[in-house]
Amino acid sequence: MPERKNGKTFYAPGEVPVDISQEELARIKAGFAEFNARRDAVPPEEQIHLRDRFGDEDKIGTDQEAQYRADVEERKKRGEYWG
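Numbers given for residues are sequential positions, taken from 1 along each chain in its written order. pLDDT decides what is reported in this predicted model: residues at 70 or higher carry local features, side-chain atom pairs at 80 or more are listed and counted, and totals for whole chains, interfaces and linings draw on all residues regardless. Side-chain numbers come from the whole structure's heavy atoms, not from hydrogens or water.

Asker: What is the right way to read the pattern of salt bridges from this model?
Answerer: Opposite charge on two side chains makes pairing possible when the charged atoms of those side chains draw close. Should a side-chain nitrogen of Lys or Arg be within 4 Å of a carboxyl oxygen of Asp or Glu, the pair is scored as a salt bridge. Summed over the entire model, instances satisfying the criterion amount to seven salt bridges. Here Arg 38 ties to Glu 34 by a salt bridge, and the two come within 3.9 Å at their closest N and O atoms. Highlighted residues: Arg 38 and Glu 34, both in helix 1 (residues 22-40), separated by four residues, approximately one helical turn. What makes Arg 38 exposed here is its relative accessible area of 57%. Between buried and exposed lies partly exposed: a residue is buried under 20% and exposed over 50% of the maximum accessible area for its type, with that area taken using a 1.4 Å probe on protein chains only. Here Glu 34 falls in the partly exposed class, since its relative accessible area comes to 48%. Between Glu 65 and Arg 69 there is a salt bridge, with the nearest N and O atoms lying 3.0 Å from each other. One end of the pair, Glu 65, and the other, Arg 69, are both in helix 2 (residues 65-78), four residues apart, so they sit about a helical turn from each other. Each helix is a run of DSSP H or I of at least 4 residues and each strand a run of E of at least 2, with the numbering of both proceeding from the N terminus.

Printed below as a string of C-alpha coordinates:
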(Lines give C-alpha, C1' and ligand atoms only; values in the text may rest on other atoms or scores of the structure.)
Protein backbone atom coordinates (compact mmCIF):
# COMPACT_ATOMS: atom_id res chain seq x y z
CA MET A 1 0.00 0.00 0.00
CA PRO A 2 1.55 3.35 -1.01
CA GLU A 3 2.30 5.76 1.80
CA ARG A 4 1.77 9.53 1.44
CA LYS A 5 3.98 12.03 3.28
CA ASN A 6 4.13 15.75 2.66
CA GLY A 7 2.34 15.45 -0.66
CA LYS A 8 4.64 12.70 -1.97
CA THR A 9 3.79 9.06 -2.59
CA PHE A 10 6.22 6.36 -1.45
CA TYR A 11 5.95 2.80 -2.78
CA ALA A 12 7.45 -0.40 -1.43
CA PRO A 13 9.79 -2.32 -3.75
CA GLY A 14 7.78 -4.14 -6.42
CA GLU A 15 4.72 -2.03 -5.71
CA VAL A 16 5.28 0.76 -8.25
CA PRO A 17 2.75 0.70 -11.08
CA VAL A 18 4.55 0.33 -14.42
CA ASP A 19 2.87 1.31 -17.67
CA ILE A 20 5.58 0.51 -20.22
CA SER A 21 5.73 -2.14 -22.90
CA GLN A 22 7.95 -5.19 -22.76
CA GLU A 23 9.97 -3.77 -25.68
CA GLU A 24 10.63 -0.54 -23.79
CA LEU A 25 11.60 -2.48 -20.66
CA ALA A 26 14.00 -4.62 -22.71
CA ARG A 27 15.55 -1.45 -24.23
CA ILE A 28 16.04 0.06 -20.75
CA LYS A 29 17.64 -3.13 -19.40
CA ALA A 30 19.92 -3.31 -22.46
CA GLY A 31 21.03 0.27 -21.77
CA PHE A 32 21.90 -0.61 -18.17
CA ALA A 33 23.76 -3.72 -19.33
CA GLU A 34 25.77 -1.64 -21.84
CA PHE A 35 26.65 0.91 -19.15
CA ASN A 36 27.72 -1.79 -16.70
CA ALA A 37 29.88 -3.48 -19.36
CA ARG A 38 31.63 -0.18 -20.16
CA ARG A 39 32.12 0.57 -16.45
CA ASP A 40 33.48 -2.90 -15.73
CA ALA A 41 35.96 -2.57 -18.63
CA VAL A 42 37.80 0.32 -16.93
CA PRO A 43 41.15 -0.95 -15.57
CA PRO A 44 41.55 -0.64 -11.78
CA GLU A 45 44.38 1.89 -12.12
CA GLU A 46 42.08 4.23 -14.07
CA GLN A 47 39.08 3.94 -11.76
CA ILE A 48 38.19 6.94 -9.63
CA HIS A 49 36.32 7.24 -6.37
CA LEU A 50 33.36 9.58 -6.34
CA ARG A 51 32.97 11.75 -3.29
CA ASP A 52 30.27 10.94 -0.78
CA ARG A 53 28.56 14.20 -1.61
CA PHE A 54 25.06 12.75 -1.42
CA GLY A 55 25.78 9.95 1.00
CA ASP A 56 27.58 9.51 4.26
CA GLU A 57 28.44 13.19 4.66
CA ASP A 58 24.86 13.56 5.87
CA LYS A 59 26.14 12.16 9.16
CA ILE A 60 28.26 15.24 9.86
CA GLY A 61 26.73 17.19 12.73
CA THR A 62 24.90 14.16 14.13
CA ASP A 63 25.72 11.64 16.80
CA GLN A 64 27.16 9.41 14.03
CA GLU A 65 29.84 11.93 12.96
CA ALA A 66 32.68 10.33 14.95
CA GLN A 67 32.02 6.92 13.39
CA TYR A 68 31.78 8.49 9.91
CA ARG A 69 35.15 10.24 10.31
CA ALA A 70 36.74 7.03 11.61
CA ASP A 71 35.38 5.14 8.58
CA VAL A 72 36.78 7.80 6.23
CA GLU A 73 40.23 7.52 7.81
CA GLU A 74 40.12 3.74 7.50
CA ARG A 75 39.13 3.99 3.82
CA LYS A 76 41.97 6.49 3.24
CA LYS A 77 44.45 3.96 4.67
CA ARG A 78 43.12 1.31 2.27
CA GLY A 79 43.34 3.77 -0.65
CA GLU A 80 39.58 3.77 -1.20
CA TYR A 81 38.86 7.42 -0.47
CA TRP A 82 40.00 10.45 -2.43
CA GLY A 83 37.47 13.03 -1.28
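Still more ground to cover, so stick around.
Asker: Whenever I open this one, a nonpolar patch on the surface confuses me. Can you help?
Answerer: What goes into a patch is any residue over 30% in relative accessible area without a salt bridge, connected to like charges within 9 Å or, for nonpolar side chains (Val, Leu, Ile, Met, Phe, Trp, Tyr), within 5 Å. Under the convention used here, a 1.4 Å probe and the Shrake-Rupley method define accessible areas, while residue burial counts only the protein chains that appear. A surface patch of nonpolar side chains, about 560 Å² in accessible area, is lined by Tyr 11, Val 16, Val 18, Ile 20, Ile 28 and Phe 32. Within the secondary structure layout, Val 18 lies in the loop between strand 2 (8-10) and helix 1. Overall, Val 18 belongs to the exposed group, its relative accessible area being 57%.

Asker: Hey, could you run me through helix 2 in this one?
Answerer: Structurally, the α-helix is built with 3.6 residues per turn, so residues lying three or four positions apart point the same way. For a helix, the expected span equals 1.5 Å multiplied by the residue count minus one. When the terminal C-alpha atoms of helix 2 are compared, their 20 Å separation across 14 residues agrees well with the 20 Å that a helix rising 1.5 Å per residue should span. Of the residues making up helix 2, those classed as buried are Tyr 68, Val 72 and Arg 75. On an axial view of helix 2, the arc spanned by its buried residues comes to 65°, and they lie on one face. Away from the buried face of helix 2 by more than 90 degrees, exposed residues Ala 66 and Lys 77 are located. Looking one or two places after helix 2, you find Gly 79, whose phi comes out positive at around 80°. Working definition: the arc comes from the directions between the helix axis and the C-beta atoms, pointing outward to the latter.

Interpretation note: all reported values are geometric properties and have no functional meaning in isolation.
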